[in-house]
Amino acid sequence: MSERTTNLTTPAKAWTVRRLATAATQPPTVFLCLLLFGLSYTLVDPTSIRRIVGERTLSRSQVSDARQASASNVGRPMDVTLVVDAGQARLPREDLLLFRDPHGNPVPVQTPDDWSKRRRAIVEGMQSVMGRLPGAEKRCALDMQVVSAVQRPGYLEQLITYQSEPGSRVPAYLLIPDSVRKNSAGKTSAVLCLHPTDNQIGHRVVIDSDARPNRQYASELAERGYVTLAPSYPLLANYQPDLQSLGWQSGTLKAVWDNLRGLDLLESLPFVDARGFGCIGHSLGGHNAVYTAVFDDRIKVIVSSCGLDSYLDYYGGDEARWLPEQGWCQTRYMPRLADYRGRLEQIPFDFHEMIGALAPRHVLISAPLHDGNFQAASVDRIAKAAGAVYTLLGHPDRLRVEHPDCDHDFPIAIRQRAYQLFDQVLQR
């Protein structure tokens, strides 16, 4: 199916006209229809074909023409013109300084309050795909349990579990600097350390010096004096929660919830300064950090390495990446994204908007020049769009992008800049 899009303007309303060239291979008793913004088609018998655009319905003569077209074009190419109310179309990901007024019309963002309306719409778009973030119904006692403890140079390494919701315990590593344990009256800052994809040792990769190089940011930060928490990501290694029975529509949101409860756990520790947290992650951990921080402003500093580009640019837009259980559409991510295969521009949120939604907090994105997963040029376009929000809120300097000359990696020089940013913001 191919598609061309143009815009029309009438005195009363703006419309988007989409020309779809498709093959009419269905028998005349079936009409294939799509739900597209305000335009609704359903599978119906030709005797009751209806097309609704906004509040308009096809006339009787137009219905008759549609029946004839359906019957005469079986097995032959057919042009269909879809007229969509542009007032219901997705706001542009590249222009975050637009929001919808109470009548649904796009209008310029001029104040922080205007931006808050666009931000709410971004979060709604995320939840339309991820599922809705739970409330009190999933909160329960954390019941932290220490499974094992090992003294490391400069910090105590504890393997723990905590109850993030009824029926689900999250494995995590909690690293406590010796300086904190020796000072019973002292408090120190804490960082949530989200691990990259690893189906063998999972979250251990961010603490184990014998694992893959350049991934041990949890232990490095503990050596630097931070309390660090590294929870497992669902459906990797030894953490296999039953998402369906627990009521989750995506692994992404389950991970976000586990992370938020991890912050609750850090807040409960008497030696943690709970005025604000950091969050850092590479690859899977890089986008996990962004998703989590959008939903929780207790996170004041976000570091994402090799974690993102625009959904439109992911692997060059290869449609095979958007099949069920591929790429972003895997159960451990967001299965509903498979519904957008062939129409990625309609995904109701993107990293332009999510990075913008982090403003005015401090964000450092590392986008290597030779990353085979995510395009550095796409990250620059994301930062440009989000930067407009940072400027609006008076902090254009708080969004930084680094382009190390490497592949899908988190080199020491960039990690050091991240740690310095945590020092600057969390330890003042």
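Computed from a predicted model, the values in this text were never measured in an experiment. (Residues numbered from 1 in each chain as written. Predicted model: local features only at pLDDT ≥ 70, side-chain atom pairs only at ≥ 80, totals over all residues. Heavy atoms only, no water.)

**Concerning the pairing of strand β18 (residues 399-402)**
Right, so step 1: One ladder, built from 4 bridges, connects strand β17 (residues 362-366) with β18; its direction is parallel. The partner of S366 across the bridge, within β18, is E402.
Right, so step 2: Of the crossover connections in this fold, the one passing from β17 over helix α9 (residues 376-392) to the parallel β18 is right-handed. (Pairing = 2+ DSSP bridges. Helix = DSSP H or I, 4+ residues; strand = E, 2+ residues; numbered from the N terminus. Right-handed = clockwise from strand over helix to strand, strands pointing away.)

**Digging into the packing of helix α6 (residues 251-268) against helix α7 (residues 284-295)**
Right, so step 1: One way to put it is that α6 packs onto α7 with a least axis distance of 9 Å and a crossing angle of 65°. Our pair here, α6 against α7, has a crossing hand that is right-handed. In this structure, α6 contributes T252, L253, A255, V256, N259 and L260 to the contact, and α7 contributes N288, Y291, T292 and F295.
Right, so step 2: When its residues are assigned to classes, the contact of α6 with α7 shows 6 nonpolar, 4 polar and no charged. (Axes fitted to C-alpha atoms, helices over the stretch in contact; angles between N-to-C directions. Left-handed = near helix turned anticlockwise from the far one by under 90°. Contact = heavy atoms within 4.5 Å. Nonpolar A, V, L, I, M, F, W, Y, C, P; charged D, E, K, R; others polar.)

**A closer look at the nonpolar core**
Right, so step 1: Counting 83 residues, the largest nonpolar core has L266, Y291, Y311 and W328 as the members making the most contacts within it.
Right, so step 2: By size, the runner-up hydrophobic cluster in this structure holds 27 residues, among which are Y173, V191, C193 and L421. (Core = buried A, V, L, I, M, F, W, Y, C linked by side-chain atoms within 4.5 Å. Buried < 20%, exposed > 50% of the residue type's maximum accessible area, 1.4 Å probe, protein only.)

**A few points about the packing of aromatic side chains**
Right, so step 1: Enumeration over the complete set of coordinates arrives at 17 aromatic pairs.
Right, so step 2: Measuring from centroid to centroid gives 6.5 Å for W248 and W257, while their planes differ by 45°, and the two rings are tilted.
Right, so step 3: A relative accessible area of 1% means that W257 is categorised as buried.
Right, so step 4: On the numbers, 6.5 Å between centres and 70° between planes, the contact of Y291 with W328 is edge-to-face. Here Y291 is found in helix α7, whereas its partner W328 is found in the loop between β16 (299-305) and α8 (351-357), with 37 residues between them in sequence.
Right, so step 5: Look at Y291 and you get buried, because its relative accessible area is 2%.
Right, so step 6: Assessed through its relative accessible area of 2%, W328 is described here as buried.
Right, so step 7: Among the aromatic side chains, those forming a connected cluster through ring pairs are Y233, Y291, Y311, Y314, Y315, W322, W328, Y333, F349, F351 and F374.
Right, so step 8: Over the ring of Y315 we find R321, and its NZ or CZ is 3.6 Å from the ring centre. (Phe/Tyr/Trp six-rings, centres within 6.5 Å; stacked < 30°, edge-to-face > 60°. Lys NZ or Arg CZ within 6 Å of the ring centre and 35° of its normal.)

**Some words on the sheet that holds β17**
Right, so step 1: Taken in spatial order, the 9 strands make up an open sheet running β10-β11-β12-β14-β13-β15-β16-β17-β18, and their pairing is mixed. Every other strand in the sheet has two partners, leaving β10 (145-152) and β18 as the edge strands with one partner each. Neighbouring strand axes in the sheet, compared pairwise and without regard to direction, differ in orientation by 20° on average.
Right, so step 2: Bridge count between strand β13 (residues 190-194) and strand β14 (residues 227-231): 3 bridges; the pairing is parallel. When the bridges of β14 are listed, L192 appears paired with L229.
Right, so step 3: Contacting β11 (155-165), β12 (168-177), β13, β14, β15 (277-282) and β16, α6 crosses the sheet at an angle of about 120° to β11.

**Some remarks on the side chain of H282**
Right, so step 1: Mapped onto the fold, H282 is located in strand β15.
Right, so step 2: Residues in contact with H282, not counting those within four places in the same chain, are L194, H195, P196, R215, Y217, S305, C306, H408, D409 and F410.

**As for helix α10 (residues 412-426)**
Right, so step 1: With 15 residues, α10 should cover 21 Å at 1.5 Å per step; its first-to-last C-alpha distance of 21 Å lies within 8% of that length.
Right, so step 2: Along α10, the positions that sit buried rather than exposed are I414, R415, A418, Y419, L421, F422, V425 and L426. The arc enclosing the buried residues of α10, seen along the axis, measures out at 155°, which places them on a common side.
Right, so step 3: Residues of α10 that are buried sit in contact with β13, α4 (217-223), β15, β16, β17 and β18. (Expected span 1.5 Å × (residues − 1). Arc of directions from axis to C-beta.)

**Things to note about α7**
Right, so step 1: Across its 12 residues, α7 extends 17 Å between first and last C-alpha, which sits within 8% of the 16 Å expected from 1.5 Å per residue.
Right, so step 2: Most of α7 sits out of view: 12 of its 12 residues are buried.
Right, so step 3: Each element contacted by the buried residues of α7 is listed here: α2 (112-130), β13, α6, β15, β16 and α8.

**Some words on the environment of P134**
Right, so step 1: Tracing the backbone through its elements, the reader meets P134 in the loop between α2 and β10.
Right, so step 2: Classification of P134 by relative accessible area gives buried; the value is 13%.
Right, so step 3: Along the primary structure P134 and L253 are separated by 119 residues, whereas in three dimensions their C-alpha atoms are 9.4 Å apart.
Right, so step 4: Contact partners of P134, with chain neighbours within four places excluded, come to W248 and W257.

That's the geometry; what it means functionally is another story.
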